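# Structural features, examined
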Amino acid sequence: MEATGEFLLPFELKRLASAGKLDEQEAFLKQEGIPHRRLGKRIVVSREHARAWLTGVIFTPSRGINLGAVR
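Quick look at the structure, then.

The next thing to look at is the nonpolar core. Membership of the largest hydrophobic core is limited to 10 residues, which are L8, L13, A17, A19, F28, L29, I34, I43, V45 and A50. Of all elements in the fold, only α1 (10-17) and α2 (22-32) reach the threshold of two or more residues within this core. The residues contacting A19, other than those within four sequence positions of it, are K14, E24 and Q25.

Written out as structure tokens, the structure is:
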């Protein structure tokens, strides 16, 4: 089955995280630093972020503009 679309399908996320429960999946994503959003009873993960994580890209969360660096 060919994967299409911007976001991982629920079964793909289960396979990636090796977990069936949402809390376990979310814990895996947080531990690995994979950007995601939890929307009620589902987790949204960009397919692009999952691929980048597989290649070793490290994601750093943005906290907005660093006003301390502005002169």
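Bringing a nonpolar patch on the surface into the picture now. Together, I65, L67 and V70 make up an exposed nonpolar region whose accessible area comes to about 370 Å². Inspection of the secondary structure puts L67 in the segment after α3 (47-54). Its relative accessible area of 67% is what places L67 among the exposed residues.

With that out of the way, let us pick up the packing of α1 against α2. Two elements in contact, α1 and α2, have axes whose closest approach is 9 Å; the angle formed by their N-to-C orientations is 60°. By the angle class used here, α1 and α2 are oblique. Taken as a pair, α1 and α2 cross one another with a handedness that is left-handed. Contact with α1, carried on its side by L13, K14, L16 and A17, involves Q25, F28 and L29 of α2 and no other residues of that element.

Throughout the structure, instances matching the rule amount to three salt bridges. With its nearest N and O atoms 3.0 Å apart, the salt bridge here joins R38 to E26. Taken together, the residues span a long stretch of sequence, with R38 in strand β1 (residues 37-39) and E26 in helix α2 at a distance of 12 residues. The exposure class of R38 is partly exposed, given its relative accessible area of 32%.

Rules and cut-offs
Residues numbered from 1 in each chain as written. Predicted model: local features only at pLDDT ≥ 70, side-chain atom pairs only at ≥ 80, totals over all residues. Heavy atoms only, no water. Core = buried A, V, L, I, M, F, W, Y, C linked by side-chain atoms within 4.5 Å. Buried < 20%, exposed > 50% of the residue type's maximum accessible area, 1.4 Å probe, protein only. Helix = DSSP H or I, 4+ residues; strand = E, 2+ residues; numbered from the N terminus. Contact = heavy atoms within 4.5 Å. Patch = residues over 30% accessible without salt bridge, like charges linked within 9 Å, V, L, I, M, F, W, Y side chains within 5 Å. Areas by Shrake-Rupley, 256 points an atom, 1.4 Å probe, with all protein chains shown as cover. Salt bridge = Lys/Arg side-chain N within 4 Å of Asp/Glu carboxyl O. Axes fitted to C-alpha atoms, helices over the stretch in contact; angles between N-to-C directions. Parallel < 35°, antiparallel > 145°, perpendicular 65-115°, else oblique. Left-handed = near helix turned anticlockwise from the far one by under 90°.

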